[in-house]
Amino acid sequence: MNRIVQRTMIVPNMHLLELEAPEIASKIRPGQFVIVRPDEEGERVPLSVADWDEEKGTITIVFMEVGASTGQLASLKAGDTVPTCVGPLGNATEIAPFGTVMLVAGCYGIGSIYPVARELKKQGNKVLTVIEARSSYLLYWLDKFVGLSDKIFSITRDGSQGLKGHVSRLTEIVNGLPKPPDRIIVNGCTYLMAHTSEITRSMGIPTVVNLNPIMIDGTGMCGVCRVTVTGKMKFACVDGPEFNGHEVDWKEFLARRKQYMDEEALPFRRSEPKPAIHKEGKCQA
Amino acid sequence: MSTEERPKKLDLNRNDMPRQPPEIRRHNFNEVALGYTQDLAMTEAKRCMQCKKPRCVTGCPVEIDIPGFISFVTKGDFASGIKRLKEKNCLPAVCGRVCPQESQCESQCILKNKGAEVAIGRIERFLADWEASAGAVEMPARPKSTGKKVAVVGSGPAGVTVAGDLILLGHEVTIFEALHRAGGVLTYGIPEFRLPKRIVAREVDYVQKLGVNVVTNFVVGKTRTVDELLEEYDALFIATGAGLPWFMNIPGENLNGVYSANEYLTRMNLMQGYKFPASSTPVRKHSRVAVVGGGNVAMDSARTALRMGAKEVHIIYRRSMNELPARHEEVENAEEEGVIFDVLTLPLQYIGDENGWLKEVECLKMELGEPDASGRRRPVEVKDSNFRTEFDALVCAVGNSPNPLIPATTAGLEVTRHGTIVADPETGKTTRDRIWAGGDIVTGAATVILAMGAGRKAARSIHAYLS
């Protein structure tokens, strides 16, 4: 049982969940994840960890509400409990004095890349942060990045903040730098990671992605998180979740992410869709 | 037992155990075998010859006094029967269901020559179920605490056995389980229709009542390492099983619709996927399912697929029916339920559609050649016999290797080239001080009773060390 300390919606559909997990808080490193089950019958949901407080014994997760299970998590209140919060799982992000590191983040990844930024800075790196969202009102935690980043760029689909467009505009950002970064680390949706890897491949910039596949146990037992990396089968939960973005088979990874899309919609369907009956110009259903 | 109590003449009518009819059971997840009634159990028990030198006992990895517990059943003294059984086997309800008795105790029975070996496993199961339903479970008194603390990693058969034994010797025992429910492979792997989860829960509940502390959602090697636990515990037993699924390294294995047996069964059992959408973990309906492999896990997967509503389920196995490693009873159950056996068939590649979903399986025909190292005739490829069959799902059930999580995070713990932990077969002692290991993590994927036996031996050795 883990008690919820707080759960707030930080921007539309994006939630912050702080929960008591002292053992995890004292052990976790940037880039690792946990598995949370919202209730006794609940699904095991893998979630990246965005922050932790060893003294307080809590961890903080930023997640997007996308389906039934994240919907359950989004309705938790302070004082509630969840039956499972297990971790820290996966390997930590490799952090060393690389020189200049560019962080690219979107969606929940803005949260999960924050501890990466913190540790990179601690180790003396120059940190450049690129955050991406559909619109300015979906960007969050900018203030937390201010002290950690030497420069922050933003890209919004509607141009309401920073550059207009999507992550393809990263090319201009990189080209505008006096010299390309020594490494790029990407956290966020699969599209963001795949697309960034595509862009940086031709530039020859080492690019690290933090994969987010479907998982069940998260300890190497079920193999649902398998991913092809340089032609070899890897399990993201134990071999990753970080991989060289240029070596990941993205087409396969994207397809595997969508395996349960139809089934995940089922809990939202209250009844079988009925054909509409129209009579005298009015809907009779 | 005195000679006059022995059966006067040979009774060669082995009593069948009532089972759900195939047409019915292939549509539900209820237990297939229904167990002996008291009458059937007593009738079967009376067939036992009460041999002076019982060979069945030598066939049992934990040397249960088989004629002993059977003789109590003949008299209807079930309470004494279960007591005798439990002296050596702390998980009789589980072993009575999933032990391969036909290759262990029953294979040694003197009546085997006549083709009518005593159904030892069924009597064992009867006694365990009788005890549970009679509410007669006797709680042994807990001895005075020794003040010593033992950590057990994994809550499968080996872990539960070691914990149950050590708590009764006065030690403080904590089991750490990575998943959210205890029981290990009994919980995530073996389906409800073969081993109901309430039975596993009962066994775990029993050791908890004895005083064992079970901590779920705790991954040793991640949440805490073995070395960190050893700062707090006097001894540690590793029983993390064989949980890493093998694939065949052929094209198309990452297509959607291709599962490891671990994933398929975990989704159904641990996550209760067979109740979806009433349960929350999504499960996809498939119509034509192939299962690759010939062991019990393959049978479990195939029979689960049928129950999930698949129109056709095929077992693809590279040797012949005679070499199937699964228990005979499970093969028979699968056949009765309508599983189709494509034997002497080797999968070559899986072919997907434009969206990355499995569409076809390409196989090659095989024939049997000379016997190989395992003594089984080696399958040899039949040239140009390739053929393709349409399937929308495939379950790969070709085996598991040990989970490397603990060896990888524990310095000085010697492992074999197969990834199993090196441990003394008599004591379970590893190459590291204060660390013991047993079960599938030492032997590679094996049986429940062997894991239990290993737990028992390790408990003795740990106790000797702590005393």
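Residues numbered from 1 in each chain as written. Chains lettered and ligands numbered in written order. Predicted model: local features only at pLDDT ≥ 70, side-chain atom pairs only at ≥ 80, totals over all residues.

**Things to note about the overall build of chain B**
Rules: Under the scheme used here, helices are H or I runs from DSSP no shorter than 4 residues and strands are E runs no shorter than 2 residues, and both carry numbers assigned from the N terminus. The globule rule is 2.2 Å times the number of residues to the power 0.38, and the radius of gyration it is compared with is taken over C-alpha atoms. Here the C-beta atoms are placed from the backbone, and a residue counts as buried if at least 20 other C-beta atoms lie within 10 Å of its own, exposed if 12 or fewer do, and partly exposed otherwise. For every residue pair, C-beta atoms are placed from the backbone, and the pair is scored as a contact if these atoms sit within 7 Å.
Along the backbone of chain B there are 18 helices and 16 strands. In terms of overall size, chain B behaves like a compact globule, its C-alpha atoms giving a radius of gyration of 23 Å where 467 residues would be expected to give roughly 23 Å. Projected onto its principal axes, the C-alpha positions of chain B cover 65 × 60 × 50 Å. Taking all 467 residues of chain B together, 52% fall into the buried category. Look at the contacts in chain B between residues 6 or more apart in sequence, and 69% of them connect residues 24 or more apart.

**Re the overall build of chain A**
Across its full length, chain A holds 10 helices and 18 strands. Computed over the C-alpha atoms, the radius of gyration of chain A is 20 Å, within 12% of the 19 Å expected from 2.2 N^0.38 for a compact globule of 285 residues. In terms of principal-axis extent, the alpha carbons of chain A reach across some 70 × 50 × 40 Å. For chain A, the proportion of its 285 residues judged to be buried stands at 46%. Sequence separation of 24 or more characterises 63% of the internal contacts of chain A that already satisfy a separation of 6 or more.

**A closer look at helix α4 (residues 66–74) of chain B**
Residue and element names in this part refer to chain B. Within α4, eight of the nine residues are buried, which leaves it mostly tucked inside the rest of the structure. Of the positions making up α4, those classed as buried are I66, P67, F69, I70, S71, F72, V73 and T74. On its buried side, α4 packs onto α2 (38–45), α3 (55–58), α5 (78–86), α7 (105–108) and α8 (120–133). G76, located one to two residues past α4, shows a positive phi value of around 75 degrees.

**Some words on the interface of chain B and chain A**
Operational definition: In this count, Pro and Cys sit with the nonpolar residues alongside Ala, Val, Leu, Ile, Met, Phe, Trp and Tyr, while Asp, Glu, Lys and Arg are called charged and the others, Gly among them, polar.
Counting residues at the interface gives 31 residues for chain B, matched by 37 residues for chain A. For the side of chain B that touches chain A, the secondary structure elements donating two or more residues are β5 (244–245) and α13 (261–268) of chain B. Taken together, the residues that form the side of chain B that touches chain A break down as 11 nonpolar, 15 polar and five charged.

**Re the pairing of strand β9 (residues 126–133) of chain A**
Residue and element names in this part refer to chain A. So the rule is basically this: Two strands pair under a simple rule: DSSP has to find at least two bridges between them.
Burial within β9 is extensive, with seven of its eight residues counted as buried. Alignment of strand β8 (residues 100–106) against β9, held across seven bridges, turns out to be parallel. By the bridge assignment for β9, M102 is matched with L128. Of the pairings in the sheet, the one linking β9 to strand β10 (residues 151–156) comprises six bridges and is parallel in character. Note that in β10 the partner of T129 across the bridge is I152.

**Some points on the domain arrangement of chain A**
Residues and elements named next belong to chain A. What counts is decided by this rule: Domain start and stop points were drawn from an automatic or database domain assignment.
Assigned domains within chain A: domain 1 (2–89) and domain 2 (100–261). One C-alpha centre belongs to domain 1, the other to domain 2, and the line joining them spans 21 Å. At the junction of the two partners, domain 1 supplies 18 residues and domain 2 supplies 19 residues. The set of elements that each furnish at least two residues to the side of domain 1 that touches domain 2 consists of β1 (2–11), β3 (33–37), β4 (45–53) and β5 (58–64). For the side of domain 1 that touches domain 2, the element with the highest residue contribution is β4, accounting for five residues. The residue makeup of the side of domain 1 that touches domain 2, split by class, is 14 nonpolar, two polar and two charged.

**Some words on the sheet that holds strand β16 (residues 435–437) of chain B**
Residue and element names in this part refer to chain B. Here is the rule we go by: The axes are straight lines fitted to the C-alpha atoms, using for helices just the contacting stretch, and the angles between their N-to-C directions are given from 0 to 180°.
Spatial strand order, β3-β2-β1-β4-β16: five strands in an open sheet with parallel pairing. Every interior strand has two partners, whereas the edge strands, β3 (213–215) and β16, have only one. Neighbour-to-neighbour, the strand axes of the sheet open up by a mean angle of 20 degrees, direction not taken into account. Note that strand β4 (residues 235–238) and β16 share three bridges and pair parallel. Bridging from a neighbouring strand, F237 pairs with W436 of β16.

**Concerning the packing of helix α9 (residues 157–167) of chain B against helix α18 (residues 448–466) of chain B**
Residue and element names in this part refer to chain B. Put simply, the test is: By definition, any crossing whose near helix is turned counterclockwise from its far helix by less than a right angle is left-handed, and any crossing with a clockwise turn is right-handed.
Running from amino to carboxyl end, α9 crosses α18 at an angle of 35 degrees, the nearest separation of the two axes being 7 Å. For α9 against α18, the interelement crossing comes out right-handed. Two secondary-structure elements touch here, α9 through P157, A158, G159, T161, V162, D165 and L166 and α18 through V448, A451, M452, A454, G455, R456, A458, A459, I462 and H463. Among the residues forming the contact of α9 with α18, the class breakdown is 11 nonpolar, four polar and two charged.

**As for the nonpolar core**
Note the following rule: The nonpolar core is taken to be a set of buried Ala, Val, Leu, Ile, Met, Phe, Trp, Tyr and Cys residues joined by way of C-beta atoms within 7 Å.
Core analysis: the biggest nonpolar cluster contains 210 residues, and V34(A), L103(A), F237(B), V291(B) and L394(B) have the highest contact counts within it. The biggest single contributor to this core is α18(B), with nine residues. Those residues in contact with V34(A) that lie beyond four places of it in its chain are I24(A), L47(A), V49(A), I59(A), C85(A), V86(A), G87(A), P88(A) and L89(A).

**Some thoughts on the confidence of the model for chain B**
Under the convention used in this document: Predictor confidence is given residue by residue as pLDDT, running from a minimum of 0 to a maximum of 100.
Overall, the prediction assigns chain B a mean pLDDT of 92, with 98% of residues at 70 or greater. Interface predicted TM-score (ipTM) for the complex: 0.89; the corresponding pTM is 0.91.

**Side note on the environment of P157(B)**
By the secondary structure assignment, P157(B) is in helix α9. Each C-alpha atom of the pair P157(B) and G453(B) lies 9.2 Å from the other, and the pair is 296 residues apart in sequence.

**A word on the domain arrangement of chain B**
Residues and elements named next belong to chain B. Domain boundaries assigned for chain B yield domain 1 (3–133), domain 2 (149–243 + 402–466) and domain 3 (246–399). A straight line from the C-alpha centre of domain 2 to that of domain 3 covers 30 Å. The partner domain 3 presents 10 residues to the 12 residues of domain 2 that form the contact. In the side of domain 2 that touches domain 3, the residues fall into six nonpolar, three polar and three charged.

**Considerations on α8(B)**
All names here are of chain B. The cut-off we apply is this: Given the number of residues in a helix, its expected span is that number minus one, multiplied by 1.5 Å.
Taking 1.5 Å per residue, 14 residues should reach 20 Å; α8 reaches 20 Å between its end C-alpha atoms and fits that length. The complete set of buried residues in α8 reads I120, G121, R122, I123, E124, R125, F126, L127, A128 and E131. Count one or two residues on from α8 and you reach G135, which has phi positive near 60 degrees.

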